[in-house]
Amino acid sequence: MDLEVKRVAASRSQIQSFPGRKKPLQHGWTSKSWAIQNPPSFPVVPRLDLGSLVDSDEEEQDVIPEDLPATTGNYKQKYQHCKTEMEEGYKQYSQRNAEKTKSNTTHQPSPRNNIEDKYAQGEGAFTGDLTTLDRKALLQQRYADSPCFVQLRGRKSDAEIVAAEKKKRTVEEQVMIDHLCRAVISDPEQNLSTEKQESAFILLDSNIAPLRLRKRTLHETKIRTHSTLTENMLSHKVQFDGRIISRNGRDACRELVGFFFIHDQSLTIYEYRQFGKNRTNVLPFIQKNIYSHQRGRRKGKQYQLGDFYIGANLTFLSCDHPTLPESIKESILLILRITNIDQIAFDSFRNDSVEHEDATTSQEANDGLVFKAIQDELKKQLHKKGVRILTGLGKYFQQLDKKGNGLLNKSDFKQALKVFHLQVSEKDFESLWLILNDSGNGKVDYGEFIRAIIGEMNEYRKSFVRKAFMKLDFNKTGSVPIMDIRKCYCAKKHPEVISGRSTEEEIKLSFLETLKGACSKSDEVSYGEFEDYYEGLSVGVEDDEDFVSILRTPWGV
């Protein structure tokens, strides 16, 4: 690198006198001659060693010390393993791109074929060994081995008991207020006539007593209350908790409390809402009346005490209840699932009442045997692969449901079983279809179909799934952004993190990767997808408390 310093000539007009000079120039001296005789004292600049500089075109070479120890075989093996994985991954990626390009140029497949190819090939073979996603999903089951869950279980159960009692008392008080209070409904004409009668007796005399001391009587209203309920009648009731069977998160997470009254076989359902820690509200959801079954073997029969148990379904026609939310009225039937019941009150009234078993009871028992036989067979096929297959089924049916009403035909369900390699005999499938297609229109809700062939977690487990989702969905929108899930998920108490074999970030990333596989959108998770994920995880967990710890530990519910 050559450095060149060029002199810059200054004109006479640009030369100025040195500012430090105080005395004037002597006669005969010019500015130039004076500057030569008195050079300025500038700081000394060190000499630049051009040989030590490296040319910009040349590359710098790292200096490697000579006394470094030789690399061990372990590091060489790891390097070779990583290199092989990268080469194999790039080779597979190139092959997939080549096949995709070839298939696009040869023919244009139909949308249904695209969906089938995606789940048959793109997500791996469902009949082979465990995939990477399966192993990452199984990591969530390790929360059941967390040693700190035993103490947490006791504290949470006590708090839940107190909250449940408070909720029960609040709803009961509201029901009594709604059905026992007497409000006088006035007629505007009677108000006018009464005012005229009162004004006729008022004389403009100062000796008359003030208005507040006069005797005043209420008029009789033309509208009278028809109900003759008393507190004693309303006290003979069975209280139960319920939820709406829906993939809509806002509806599925509604807290419903119902009452079945013994004296007239009527029922009513209220919605319990909580705002913050102390503010609550109780609103009527289903008005008090006598209702009947709207589907199934008991269609048209009036509800009786024996129809109320944990896991039972109550069906109502949406058109009969105009005050229901619009999202619920989109469906013809409103299906409620009983999640809890006052067993003490139920047993006391059950002993007094006599209900005879009929042919419908035996038919329902036979239907249950058909479901159980299919579920037992498929659970063996779902061993350790429940998350991948259940979430894949949900996405598959959702893409086939073009109308968005959740109804699919017989051929769609048969094709789904074929795509996901779920083996069900033709005889069992036909028996299943006869039970599910009770309306005879040839279409069945795909959520109901999945619950029939695979089963579902019990209501105790599902209550914690709803609690975890409600904690994430604080805006009650029915879906949660992936970023919020990432922030709320805590892996500190995972056994792999405690032992030091994995970091919190690794456990969190493995969970998010498997959860995203269940989502139709890349940036958010709906309640149905969240439930499908834990439904698949529940297949491999035998004990209820172990499953509860899988939800409580990372979500803090």
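Keep in mind the model is a prediction, meaning the values are calculated, not measured.

**Digging into the overall build of the protein**
Across its full length, the protein carries 21 helices and 10 strands. The buried share of the protein, taken over its 557 residues, is 32%. Within the protein, contacts between residues separated by at least 24 positions form 68% of all contacts whose residues are at least 6 apart in sequence. For the protein, the exposed surface amounts to about 36800 Å²; the carbon and sulfur share of it is 52%.

**Some remarks on the nonpolar core**
Ranked by size, the top nonpolar core spans 35 residues in total, and within it I485, F511, F530, Y534, L551 and W555 carry the most contacts. Those elements that provide at least two residues to this core are α16 (459-472), α17 (482-488), α19 (504-516), α20 (527-538) and α21 (544-555). In this structure, L432, V444, Y446 and I450 belong to the second largest nonpolar core, which totals 27 residues.

**Some thoughts on the pattern of salt bridges**
Evaluation of the coordinates by the stated rule reveals 26 salt bridges. The partner of R295 in a salt bridge is E448, with the nearest N and O atoms 3.2 Å apart. Residue R295 is found in the loop between β4 (279-289) and β5 (313-317), and its partner E448 is found in helix α15 (residues 446-454); the two are separated by 153 residues along the sequence. With relative accessibility at 23%, the residue R295 sits in the partly exposed group. The partner of R337 in a salt bridge is E456, with the nearest N and O atoms 3.1 Å apart. Residue R337 is located in strand β6 (residues 333-341), and its partner E456 is located in the loop between α15 and α16; the two are separated by 119 residues in the primary sequence. Residue R337 is classed as buried on the basis of its relative accessible area, which comes to 7%. A relative accessible area of 30% places E456 in the partly exposed class.

**Some thoughts on the side chain of Q375**
Here Q375 lies in helix α11 (residues 359-381). Not counting residues up to four positions away in its chain, the partners in contact with Q375 are R451, A452, I453, I454 and G455.

**Some points on the environment of Q304**
Positionally, Q304 belongs in the loop between β4 and β5. According to the relative accessible area criterion, Q304 is partly exposed, its value standing at 40%. In sequence terms Q304 and F260 are 44 residues apart; their C-alpha atoms lie 8.7 Å from each other.

**A few points about the confidence of the model for the protein**
Here the protein averages 76 in pLDDT, while 67% of its residues score no lower than 70. Helix α6 (residues 188-201) is the least confidently modelled element of the protein, averaging 47 in pLDDT, while β5 averages 94, the highest of any element. Note that pLDDT drops below 50 for residues 120-128; the model gives that stretch 17 contacts with residues more than four away or on any other chain. Every residue in residues 183-206 is under pLDDT 50, and counting partners more than four places away or in other chains gives 16 contacts.

What counts and how
Residues numbered from 1 in each chain as written. Predicted model: local features only at pLDDT ≥ 70, side-chain atom pairs only at ≥ 80, totals over all residues. Heavy atoms only, no water. Helix = DSSP H or I, 4+ residues; strand = E, 2+ residues; numbered from the N terminus. Buried < 20%, exposed > 50% of the residue type's maximum accessible area, 1.4 Å probe, protein only. Contact = heavy atoms within 4.5 Å. Areas by Shrake-Rupley, 256 points an atom, 1.4 Å probe, with all protein chains shown as cover. Core = buried A, V, L, I, M, F, W, Y, C linked by side-chain atoms within 4.5 Å. Salt bridge = Lys/Arg side-chain N within 4 Å of Asp/Glu carboxyl O. pLDDT = per-residue confidence, 0-100.

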